[in-house]
Number of protein chains: 2
Amino acid sequence: MKPSIRSIPVKTASADYPVYVGHGLFAEIPRRLGLAKSPRRVFVLSSPEIWSLWGERLLAAFPDTAAPTVLFLPAGERYKRMAQVERLAAELAKAGADRSSLLIAFGGGIVGDVGGFLAAIYMRGIEYVQVPTTLLAQVDSSVGGKTGANLAVGKNLIGSFHHPRAVFADIEVLQTLPDRELRAGLFESVKAGVIRDAALFRFMEKNADSILGREPAALQRVIEASIRMKAEVVGIDERESGLRMILNFGHTLGHAIEAATHYRSLLHGEAIAWGMLAALQIAVSRGTLGPDQAERIAAAIESYGPLPPFRSTADRLLDAAGRDKKNRAGKRRFVLPKGIGDAVVVEDVTVAEMETAAQWVVRQARR
Amino acid sequence: MKPSIRSIPVKTASADYPVYVGHGLFAEIPRRLGLAKSPRRVFVLSSPEIWSLWGERLLAAFPDTAAPTVLFLPAGERYKRMAQVERLAAELAKAGADRSSLLIAFGGGIVGDVGGFLAAIYMRGIEYVQVPTTLLAQVDSSVGGKTGANLAVGKNLIGSFHHPRAVFADIEVLQTLPDRELRAGLFESVKAGVIRDAALFRFMEKNADSILGREPAALQRVIEASIRMKAEVVGIDERESGLRMILNFGHTLGHAIEAATHYRSLLHGEAIAWGMLAALQIAVSRGTLGPDQAERIAAAIESYGPLPPFRSTADRLLDAAGRDKKNRAGKRRFVLPKGIGDAVVVEDVTVAEMETAAQWVVRQARR
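As the structure is a prediction and not an experimental result, all values here were calculated from the model. Residue numbers run consecutively from 1 along every chain, following the written order of its sequence. Chains and ligands are labelled sequentially in the order written, the chains with letters from A and the ligands with numbers from 1. Since the coordinates come from a predicted model, pLDDT governs what is reported: local features require at least 70, and pairs of side-chain atoms require 80 or more to be given and counted, while whole-chain, interface and lining totals use all residues. Only hydrogens and water are set aside when side-chain values are computed; all heavy atoms of the structure are taken into account.

### Quick notes on the relation of the copies chain B and chain A
Phase 1: Expressed as a screw transformation, the operator carrying chain B onto chain A has a rotation angle of 180° and an axial translation of 0.0 Å, and the superposed copies differ by an RMSD of 0.0 Å. Taken together, the rotation and translation describe the operation of a two-fold axis. When the copies are superposed, the least-squares fit draws on C-alpha atoms of residues that have pLDDT of at least 70 in both.

Below, the structure written as structure tokens:
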């Protein structure tokens, strides 16, 4: 049975747009964006890999007379940099892109972040659309308007809040997603369940086999619920001044693990999974969360594993965590679950608690 | 007599902030921004030249315990580039700037544009303040939220709309402004008068001597009125979808002159003055403006001259004008005065009219 196309609204103070989830969405793009009768130019940013797999399918949606111009960003975190953004802006300019042009970011999280940032700053902002091709990008990074690039000294230190005009999360495109990347994305969906959607959590707890088996209906259920959760949170707190911070569950130590391993050993979702497991230690030891619930959360995370090992030291993680940009005016913000489907942001996690959690995760990850 | 400090409000859909105009404003900055009791970090972006002249005065406004950290951008259009923005972002990160930090852009238009853009994209946006030190920056570029950098293929092709928290236009700092730069800024004030403020125009028509003599009261009158005009226009049309386009009077051919002379022969304000004179030719020949009024406008512009000559050809100007990013979906937008204090945006200026005006200005500029 082919699941139908769903439209999930994102409504924030500055934007209002749909996230479409379903099968075979590419063919819908021009019509749903009203491009058929528009003279506006369309540009696509993609990675060579995604383009070779799915480019033809995307192009087929456009009439020959209005074929988009394709720009490429090589795959890999090291291309998520200002120099690439500048090169792409120059390519847009040379190809005649103007303020009315539309950019389609067609790829994983890096293409989405760089494409969104490029759209945010090209001629002080043009419209763009997200067509995420990884599960992680579908359930997380394509929704909410965060765009950006890395500096040598840290990830995502430059960027803009710039919402897409629409997001097309096509389940079909996940067919070619490597298994490890599927799992990495699913960790973010487990996170969505833990912090705000107990029903999603329970579904993921019970249906790991069909989800990992990529059964369309199961995947659609997970993707839809994850996006709904994020859309709701972003709608309430667009600029991450309050509620949106709960999305960072697992991210304080997760980011530290990524940085300490130079973004080479783990995928983002995997580092976040390790970060969530470490955060559970803190939550249980300070009594925020009961040990039974922590056990259930850990088991759910692990059912989407295996979590690849990594080698580091608690010291290195703490060093890296100190540079986590989530900290404001010296406060160490930390997200802790209060149960299944509920989380809280605390500011009083001590260095000692962080140290214990870091030691624990370094030990676990060595096995 | 020392003129008092005036506060001109800028109110747009996305921002609401004051532009202060007066003498000796530096000392007011910490208090008016509420920095005295705040633990937030303050950073200053300046040029080495401005810093050597006025840096000590700015620093004196801050208590020793809260001295701002100073970053530098070398003077010159060629440093208004992404590579510099990236370097400055890395310096902010290394110096510990976080989302609550404040950046003061302390310099001319380039420092203001780059500083504003840096603030727009550092950690997806931090607050900043404009302290413009050239007349052009005071009356034009520091107000309205346009920020950005150049690409090799064109000026201001990347950037953001990011409003400052306040603007401090200090008349005292103009004491050290070279005469040519004073005149270049005054052309933009003449423009303000022509397109929307007949009283300002008449004042500038009659008081060129005291204005060019930098009499404080006369300068304050001109600066205040220019800023009021811009604040009003930007308040009505923040994103330049309508009214704000009138600010581009003189800019279609002015930008073309700048580009065709590789930004070397003329200051921005001078190129705009030439562009206004050329636009007057079109306005008169199509009857938008009477010849007497055109004569008055030309005389007012010239009273703030001399306008430096430049060498180019009509062909080169037209080529450059074709690449003016102000054109949207193939339309050639052109601002023409309809009288003193009134202007209109037209879309039907023909290539032949442009050619005639370009030939005229190239001939005039050769003398």
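Right, picking up where we left off after that structure.
### Concerning the interface of chain B and chain A
Many descriptions give the size of an interface as the accessible area lost when the pieces come together.
Phase 1: Contact with chain B, which involves 36 residues of that partner, is made by 36 residues of chain A.
Phase 2: Summed over both partners, the accessible area lost on bringing two parts together, with a 1.4 Å probe, is the buried area. Here chain B packs against chain A, burying approximately 3,000 Å² in sum over the two surfaces, 61% of which is carbon and sulfur.
Phase 3: A side-chain nitrogen of Lys or Arg and a carboxyl oxygen of Asp or Glu constitute a salt bridge if their distance falls within 4 Å. At the junction of chain B and chain A, the tally comes to four salt bridges.
Phase 4: A salt bridge links Glu 86 of chain A to Arg 81 of chain B; the shortest N-O distance between them is 3.0 Å.
Phase 5: The term polar contact refers here to a pair of N or O atoms within 3.5 Å; inside protein, the definition further demands a hydrogen-donor-capable atom paired with an acceptor-capable atom, and it admits residues adjacent in sequence only when both atoms are side-chain atoms. Our count for the chain B to chain A interface comes out at eight residue pairs in polar contact (both at pLDDT 80 or more).
Phase 6: Segments assigned H or I by DSSP are reported as helices when at least four residues long, segments assigned E as strands when at least two residues long, and all are numbered from the N terminus. Listing elements by their share of the side of chain B that touches chain A, those giving two or more residues are α3 (82-94), α4 (109-121), β7 (146-151) and β8 (154-161) of chain B.
Phase 7: Top element by residues in the side of chain B that touches chain A is α3 of chain B. It accounts for seven residues.
Phase 8: Tallied by class, residues from the side of chain B that touches chain A come to 16 nonpolar, eight polar and twelve charged. Note on definitions: a residue-residue contact is assigned when non-hydrogen atoms from the two residues lie within 4.5 Å. Charged residues are taken to be Asp, Glu, Lys and Arg, nonpolar residues to be Ala, Val, Leu, Ile, Met, Phe, Trp, Tyr, Cys and Pro, and polar residues to be all remaining types, Gly included.

### As for the sheet that holds strand β6 (residues 127-132) of chain B
Two strands in a sheet stick together by hydrogen bonds in their backbones, pointing the same way (parallel) or opposite ways (antiparallel).
Residue and element names in this part refer to chain B.
Phase 1: Two strands make a pair as long as DSSP finds a minimum of two bridges between them. Overall, mixed pairing links the seven strands, which are arranged β1-β2-β9-β6-β5-β3-β4 in an open sheet. In this open sheet, the two strands that pair with only one neighbour each are β1 (6-11) and β4 (69-72). The average undirected angle you get between the axes of adjacent strands in this sheet is 20°.
Phase 2: Strand direction decides the pairing type here: β1 and strand β2 (residues 16-22), joined by six bridges, are antiparallel. Axis geometry follows a simple rule: fit a line to the C-alpha atoms, using only the stretch in contact for helices, then measure angles between N-to-C directions, giving values from 0 to 180 degrees.

### Here we look at the sheet that holds strand β6 (residues 127-132) of chain A
Residues and elements named next belong to chain A.
Phase 1: The sheet built from seven strands is open, its strands ordered β1-β2-β9-β6-β5-β3-β4 with mixed pairing. On the outer flanks of this sheet lie β1 (6-11) and β4 (69-72), each paired with one strand and no other. In this sheet, neighbouring strand axes are inclined to one another by 20° on average, regardless of whether the strands run parallel or antiparallel.
Phase 2: Pairing between strand β2 (residues 16-22) and strand β9 (residues 166-170): four bridges, direction parallel. Across the sheet, Val 19 pairs through a bridge with Val 167, a residue of β9.
Phase 3: Where helix α3 (residues 82-94) meets the sheet, its contacts fall on β3 (42-46) and β4, and the angle it forms with β4 comes to roughly 165°.
Phase 4: Here helix α4 (residues 109-121) sits on the sheet and contacts β3, β5 (102-107) and β6; the angle it forms with β5, its principal contact strand, is near 165°.

### Observations regarding helix α2 (residues 48-60) of chain A
Residue and element names in this part refer to chain A.
Phase 1: Multiply 1.5 Å by the residue count of a helix minus one, and that product is the helix's expected span. With 13 residues, α2 ought to run about 18 Å at 1.5 Å a step, and its terminal C-alpha atoms sit 18 Å apart, in line with that.
Phase 2: Bend at a residue means the angle formed by two fitted axes: the first through the 7 residues ending at that position, the second through the 7 residues beginning there. Taken as a whole, α2 carries its principal kink of about 65° at Trp 54.
Phase 3: Buried means the residue's accessible area, taken with a 1.4 Å probe over protein chains only, is under 20% of the maximum for its type, while exposed means over 50%, and partly exposed covers the values in between. Restricting attention to buried positions, one finds in α2 the residues Ile 50, Trp 51, Trp 54, Gly 55 and Leu 58.
Phase 4: The inward-facing, buried residues of α2 abut α1 (29-32), β3, β4 and β5.

### Brief notes about the packing of helix α7 (residues 198-206) of chain A against helix α9 (residues 216-236) of chain A
Residue and element names in this part refer to chain A.
Phase 1: Two elements in contact, α7 and α9, have axes separated by 10 Å at closest approach and are oriented at 150°. When the axis of α7 is compared with that of α9, the two are roughly antiparallel. Handedness of the α7/α9 crossing: left-handed. Contacts between α7 and α9 involve Ala 199, Leu 200, Phe 203 and Met 204 on the former and, on the latter, Ala 218, Arg 221, Val 222, Ala 225 and Ser 226.
Phase 2: For the contact of α7 with α9, the per-class residue count stands at seven nonpolar, one polar and one charged. Orientation labels follow simple angle bins: below 35 degrees gives roughly parallel, above 145 gives roughly antiparallel, 65 to 115 gives roughly perpendicular, and whatever is left gives oblique. Less than a right angle of anticlockwise turn of the near helix away from the far helix marks a crossing as left-handed, whereas a clockwise turn marks it as right-handed.

### Thoughts on unusual backbone geometry
Phase 1: In this model, Gly 305 of chain A is joined to Pro 306 of chain A through a cis peptide bond whose omega is 10°.
Phase 2: Of note, Arg 124 of chain A is a non-glycine position whose phi angle comes to about 60°, a positive value.
Phase 3: With respect to the helices and strands, the residue Arg 124 of chain A is situated in the loop between α4 and β6.
Phase 4: Residue Arg 124 of chain A is classed as buried on the basis of its relative accessible area of 9%.
Phase 5: Look at Glu 240 of chain B: it is not a glycine, yet its phi comes out positive at around 60°.

### Regarding the confidence of the model for chain A
Residue and element names in this part refer to chain A.
Phase 1: Think of pLDDT as the predictor's per-residue confidence, scored from 0 to 100. With 97% of its residues at a pLDDT of at least 70, chain A reaches an overall mean of 94.
Phase 2: Segment residues 323-328: pLDDT under 50, and 24 contacts once partners within four positions in sequence are set aside and those in other chains are kept.
Phase 3: Reported confidence for the predicted complex is 0.92 by ipTM and 0.94 by pTM.

### As for helix α11 (residues 268-285) of chain B
Residues and elements named next belong to chain B.
Phase 1: Taking 1.5 Å per residue as the helical rise, α11 with its 18 residues ought to reach 26 Å, and the 26 Å between its terminal C-alpha atoms agrees with that figure.
Phase 2: Most of α11 sits out of view: 14 of its 18 residues are buried.
Phase 3: Gly 287 occupies a position one or two residues after α11 and carries a positive phi of about 80°.

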